[in-house]
Amino acid sequence: MVKVYYDADANLEFLKGKKIAVLGYGSQGHAQAQSLRDSGLDVVVGLRKDSARWAKAEADGLQVATVPDACAQAQVIQVLLPDEIQGRVYAEEIEPYLAEGKSLMFSHGFNIHFGQIVPPNYVDVFLVAPKSPGHLVRRMYAEGNGVPGLVAVHQDYTGKAKDIALAYAKGIGCTKAGVFETSFQEETETDLFGEQAVLCGGVSELIKAGFDTLVEAGYAPEMAYFECLHELKLIVDLIYEGGLSRMRYSVSNTAEYGDYMIGPRIITEETREEMRQVLLEIQDGTFARNWMLENQVKAPQLNAIRKMEAEHPIEEVGAELRKMMPWLRKK
Ligand SMILES: NC(=O)C1=CN([C@@H]2O[C@H](COP(=O)(O)OP(=O)(O)OC[C@H]3O[C@@H](n4cnc5c(N)ncnc54)[C@H](OP(=O)(O)O)[C@@H]3O)[C@@H](O)[C@H]2O)C=CC1
Ligand SMILES: CC(=O)[C@](C)(O)C(=O)O
Ligand SMILES: [Mg+2]
Ligand SMILES: [Mg+2]
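- Within an unreviewed UniProt entry, the label attached to the protein chain reads Ketol-acid reductoisomerase (NADP(+)), and the organism entered is Desulforamulus aeronauticus DSM 10349.
- Regarding the protein chain, the relevant UniProt record gives this comment under Sequence similarities (unreviewed entry): "Belongs to the ketol-acid reductoisomerase family."

Here you go:
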């Protein structure tokens, strides 16, 4: 039975009097640093001196320092840097400042689980992983709500690692929605699988395949965009609010029948078998190796495909149509 923690199970006092270094001010970093500050906690953002985000973090009212300076003054160090560079920055700018009893934490277990970072045994090591993109972590916190999260303890030197982790989860709003206790292995494997097979990889290919099918058949790209991309948010909102059943309650009987009849012809047994293979390649380290090697040669595949994807017709037609809907653009 998975243990779930809520606000009442977490006590911010475990972070009171501690300086928290949030390393990085990107998707998660900006969200977590601002929310921790709004929860009354003492935060310093760690960035590169020439970071374009340095001024932004200061303009947001946060103390900013270089990574080494932030780590030197902090008792809790949250590593919200890109996964692919955490190992290098850790060795050069974080590890030298890991005094006894400090907390080293993450929002994804990748670098600990795949051995890119091996901390000394005299610090606490844990993760608090929001199950949400950073910008929505912040939006939900600002609205007085929260996104669910995961908590895992890798090392508990002080005997207080989980208390501190839960306090941190409360500080960014996750204990409002529920924080599940897990392990670094489980968070890492499920997060990688979810983002590859469903949330990012699977959904993107499904949207493009639908769009391309309609456009190749001669339908207007605008119609294909609205049908296969724009309306998906509205459908997913219903699933988010009340599960597949709420979506199926709200759509027409025609759509619901088509859902049941055609869905399994799109996501077939072959698809499910491929998902099992994808999970295996995550579990056996194949993906992690490929990703780390890709970055050792300056990410040629990532950069080339990123450019090709940006040039897909769906991006062009979408940009034009969204100009007419200025309300869509949120922070
Ligand atoms: N994105 C998300 O929603 C989620 C992310 N995570 C995890 O959170 C962590 C952070 O990811 P994410 O927020 O997406 O990262 P981003 O890429 O959005 O931000 C990375 C930040 O790190 C800074 N940075 C990059 N290189 C260096 C460096 N060498 N020294 C110091 N700072 C540097 C960047 O600033 P600059 O380039 O200006 O220096 C930027 O502020 C990862 O472990 C990720 O897996 C977990 C859940 C969801
Ligand atoms: C937003 C999130 O949870 C992801 C997809 O796992 C990520 O950005 O790594
Ligand atoms: Mg995730
Ligand atoms: Mg992820």
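**Section: the site of ligand 2**
Part 1 of the reasoning: The immediate surroundings of ligand 2 are formed by S132, P133, D191 and E195.
Part 2 of the reasoning: Between an oxygen atom of ligand 2 and a side-chain N or O atom of D191, the distance comes to 2.9 Å.
Part 3 of the reasoning: E195 is positioned with one of its side-chain polar atoms (N or O) 2.6 Å from an oxygen atom of ligand 2.
Part 4 of the reasoning: Its residues assigned to classes, the shell around ligand 2 shows one nonpolar, one polar and two charged.

**Thoughts on the UniProt feature "binding site: substrate" (unreviewed entry) in the protein chain**
Part 1 of the reasoning: In the numbering used here, UniProt assigns the feature "binding site: substrate" (unreviewed entry) to S252.
Part 2 of the reasoning: The residue S252 is located in the loop between α11 (221–250) and α12 (253–266) in this model.

**With respect to the site of ligand 1**
Part 1 of the reasoning: Taken together, 24 residues lie around ligand 1, and Y25, Q28, R48, S51 and D83 are the ones closest in.
Part 2 of the reasoning: One of the side-chain nitrogen or oxygen atoms of R48 is found 2.8 Å away from an oxygen atom of ligand 1.
Part 3 of the reasoning: Measuring from an oxygen atom of ligand 1, one finds a side-chain N or O atom of S51 at 2.6 Å.
Part 4 of the reasoning: Here ligand 1 loses 81% of its free accessible area of 890 Å² to cover by the protein chains.
Part 5 of the reasoning: Those elements giving two or more residues to the shell around ligand 1 turn out to be α1 (27–38) and α4 (83–94).
Part 6 of the reasoning: If one sorts the elements of the shell around ligand 1 by residue count, α4 sits on top with four residues.

**Some words on the domain arrangement of the protein chain**
Part 1 of the reasoning: In terms of domains, the protein chain is made up of domain 1 (4–182) and domain 2 (200–267 + 298–328).
Part 2 of the reasoning: Computed from C-alpha coordinates alone, the two centres of domain 1 and domain 2 are separated by 33 Å.

**Looking at the packing of aromatic side chains**
Part 1 of the reasoning: This structure, assessed with the given rule, holds two aromatic pairs.
Part 2 of the reasoning: When the centroid spacing of 5.9 Å and the interplanar angle of 65° are considered together, the rings of Y225 and F226 count as edge-to-face.
Part 3 of the reasoning: Cation over ring: K49 sits above W54, and NZ or CZ is 3.9 Å from the ring centre.

**Some details on the UniProt feature "domain: KARI N-terminal Rossmann" (unreviewed entry) in the protein chain**
Part 1 of the reasoning: Listed under "domain: KARI N-terminal Rossmann" (unreviewed entry) in the UniProt record, and renumbered for this structure, are residues 2–182.
Part 2 of the reasoning: Span residues 2–182 is 36% helix and 23% strand, its end C-alpha atoms 8 Å apart.

Cut-offs used in this document
Residues numbered from 1 in each chain as written. Chains lettered and ligands numbered in written order. Predicted model: local features only at pLDDT ≥ 70, side-chain atom pairs only at ≥ 80, totals over all residues. Heavy atoms only, no water. UniProt positions renumbered as here; feature names shortened; annotations may be inferred. Near = heavy atom within 4 Å. Polar contact = N/O pair within 3.5 Å; in protein donor to acceptor, adjacent residues only side chain to side chain. Nonpolar A, V, L, I, M, F, W, Y, C, P; charged D, E, K, R; others polar. Helix = DSSP H or I, 4+ residues; strand = E, 2+ residues; numbered from the N terminus. Areas by Shrake-Rupley, 256 points an atom, 1.4 Å probe, with all protein chains shown as cover. Domains from an automatic or database assignment. Phe/Tyr/Trp six-rings, centres within 6.5 Å; stacked < 30°, edge-to-face > 60°. Lys NZ or Arg CZ within 6 Å of the ring centre and 35° of its normal.

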